[in-house]
Amino acid sequence: ARKPRLLTGDRPTGPLHLGHLVGTLQSRVKLQESHECFIIVADLHSLTTRSRRDEIARLPNHVRDVVLDMLSVGVDPGRSTIYLQSGVPAVYDIAILLQMLTPVARLSGMQSIHDMAKNAGLGDADVPLGLLGYPVLQAADILMANAELVPVGADNEIHVTLARDIALHFNDAYGQVFAVPSPTVSATPALPGVNTVAGGADRKMSKSAGNAIWLKDSPDEVARKIRTLPGPAPGESTRAPLFRFAEAFIRDADELANLHAEYDRGAIGFAAVQDRVIEALEKTLVPIRERRAEFAADQHRTEEIIVDGTITARKVAYETLGKVRDAMGL
Ligand code: ADP
Ligand code: NA
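Residues numbered from 1 in each chain as written. Chains lettered and ligands numbered in written order. Predicted model: local features only at pLDDT ≥ 70, side-chain atom pairs only at ≥ 80, totals over all residues.

## Regarding the overall build of the protein
Counting its regular elements, the protein contains 15 helices and 5 strands. Taking 20 Å as the expected radius of gyration for a compact globule of 330 residues, we find that the protein reaches 21 Å, a close match to that expectation. Counting only C-alpha atoms, the protein reaches 75 × 45 × 40 Å along its principal axes. Relative to its 330 residues, the protein shows a buried fraction of 39%. (Helix = DSSP H or I, 4+ residues; strand = E, 2+ residues; numbered from the N terminus. Rg over C-alpha atoms; globule rule 2.2 N^0.38 Å. Buried ≥ 20, exposed ≤ 12 C-beta atoms within 10 Å, placed from the backbone.)

Here it is in structure tokens:
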């Protein structure tokens, strides 16, 4: 039997970090067993807030970074389709048609759009139509692929719900065309940042906050960044950012419980906890670095993976577009 299809991905706005690893990448790799994965590199979505020439000029590097990051954590191009959003123009056609079914008020009421505008420094009068319509384009990405499952972060769930509503509306109005997608929201608590910038450890690790450990960081950089994290008072380990890293990367529950207990009764110092966290992190990162080195050594292979994936996505999108046009009588 055909495996159910899943769509997920990233905007190419910079390299990926440990927060992405625990929040989405690890489950993405596992889901390859049970699902046919479409993994979008959503360059058009990054244009919604970054359309200046110098920003666009950085896209090819970001695309390469993100794809290398995905391959290095174990996304398998033999099983998963990694594709570039802007290389699938049938999606724009689908998006235009889906716009006809989407009330503007539904979009302008979305907190996510206001947040993105605010983060990009845009006042209400300057919000581009492309940003307002971003959730419709995302719906087109999801529906063109007939994705049944869409793993997302909590802030993105509302967009998948819109895609779901559009699919139901379309199927009801014109006949059964689209699979009806469901969001799955990551249950992993957000990984905090490191303290390389003031207050970095009090916020979640994020691409733009200057507080990230990148997947491509060297062992020395990883260790140096972990050692910036502030030490909690003994007895307060459960609240400390360093222990969030311990929880995310020390797999053995007993070992983790011991680490808390030993620190809280003063049996070991903060440096020892840092050492244990660094060791656990390296266990995860060593195979990732090895795979990255393999893929990075053959630039053409990475490009070929993107081109092949995009060709596959194009075929699927044109098929879906044909069905949409037929159903609507165009
Ligand atoms: P984009 O710019 O592509 O929207 P984000 O940086 O917002 O990417 O992250 C995409 C997803 O990665 C989030 O929705 C979340 O699931 C996961 N993620 C990002 N940062 C973290 C973090 N610090 N901890 C856990 N998960 C994270
Ligand atoms: Na971000």
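Having seen the model, we can carry on.
## A short note on the site of ligand 1
Around ligand 1, a shell composed of 18 residues is seen, among which Arg11, Gly19, Gly23, Gly153 and Met205 lie nearest. By residue number, the principal contributor to the shell around ligand 1 is helix H1 (residues 18-31), which donates 5 residues. Across the shell around ligand 1, the residue classes break down as 4 nonpolar, 10 polar and 4 charged. (Near = placed C-beta within 6 Å. Nonpolar A, V, L, I, M, F, W, Y, C, P; charged D, E, K, R; others polar.)

## A few points about helix H5 (residues 90-99)
Along H5, the positions that sit buried rather than exposed are Ala90, Val91, Ile94, Ala95 and Leu98. The arc that holds the buried residues of H5, viewed along the axis, is 140 degrees, so those residues lie on one side. Looking at the buried positions of H5, the neighbouring elements they touch are helix H9 (134-144), helix H10 (157-174) and helix H15 (299-328). (Arc of directions from axis to C-beta. Contact = placed C-beta atoms within 7 Å.)

## Some details on the nonpolar core
Of all hydrophobic cores here, the largest spans 84 residues; its most connected members are Ile94 and Ala140. Counting residues per element, this core draws most heavily on H9, which supplies 8 residues. Two domains each put at least three residues into this core: domain 1 (5-188 + 299-328) and domain 2 (200-292). (Core = buried A, V, L, I, M, F, W, Y, C linked by C-beta atoms within 7 Å. Domains from an automatic or database assignment.)

## Section: the domain arrangement of the protein
What the domain assignment lists for the protein is domain 1 (5-188 + 299-328) and domain 2 (200-292). Domain 1 and domain 2 are separated by 32 Å when their C-alpha centres are compared. With 14 residues of domain 1 at the contact, the number on the domain 2 side is 12 residues. Counting residues per element, the ones that place at least two in the side of domain 1 that touches domain 2 are H1 and helix H4 (59-73). Here the element with the most residues in the side of domain 1 that touches domain 2 is H4; it accounts for 5 residues. Taken together, the residues of the side of domain 1 that touches domain 2 sort by class into 8 nonpolar, 5 polar and 1 charged.

## What to know about the packing of helix H11 (residues 219-226) against helix H14 (residues 270-296)
What describes two packed helices is the angle between their axes and the distance between those same axes. In the contact formed by H11 and H14, the axes pass within 10 Å of each other and the chain directions differ by 145 degrees. Judged by the twist between their axes, the crossing of H11 over H14 is right-handed. Residues Pro219, Val222, Ala223 and Ile226 of H11 form the contact with H14, whose participating residues are Gln274, Val277, Ile278, Leu281, Glu282 and Leu285. Residues of the contact of H11 with H14, tallied by class, amount to 8 nonpolar, 1 polar and 1 charged. (Axes fitted to C-alpha atoms, helices over the stretch in contact; angles between N-to-C directions. Left-handed = near helix turned anticlockwise from the far one by under 90°.)

## What to know about the environment of alanine 173
Checked against the element boundaries, alanine 173 lands in helix H10. With 10 C-beta atoms counted inside 10 Å, the residue alanine 173 sits in the exposed group. Sequence separation between alanine 173 and phenylalanine 249 is 76 residues, and the spatial gap between their C-alpha atoms is 48 Å.

## Structural notes on the packing of H4 against H15
Put simply, H4 and H15 touch, their axes get as near as 11 Å, and they point 90 degrees apart. In this view, H4 runs roughly perpendicular relative to H15, as classed from their interaxial angle. Within the contact between the two elements, H4 uses Arg64, Val67 and Leu68 and H15 uses Thr302, Ile305 and Ile306. Tallied by class, the residues present in the contact of H4 with H15 amount to 4 nonpolar, 1 polar and 1 charged. (Parallel < 35°, antiparallel > 145°, perpendicular 65-115°, else oblique.)

## Topic: unusual backbone geometry
In this structure, asparagine 146 takes a positive phi of about 50 degrees despite not being glycine. Locating asparagine 146 in the fold gives a position in the loop between H9 and strand S4 (149-152).

## Some remarks on H15
With 30 residues, H15 should cover 44 Å at 1.5 Å per step; its first-to-last C-alpha distance of 43 Å lies within 8% of that length. Buried-residue contacts for H15 involve strand S2 (36-41), H4, strand S3 (81-84), H5 and H9. One or two residues past the end of H15 sits glycine 329, with phi positive at roughly 80 degrees. (Expected span 1.5 Å × (residues − 1).)

## With respect to the pairing of S3
Burial of S3 is two-sided: the residues Thr81 and Tyr83 facing one way and the residues Ile82 and Leu84 facing the other way are all buried. Bridging between S2 and S3 involves 4 bridges; their strand directions are parallel. By the bridge assignment for S3, isoleucine 39 is matched with isoleucine 82. (Pairing = 2+ DSSP bridges.)

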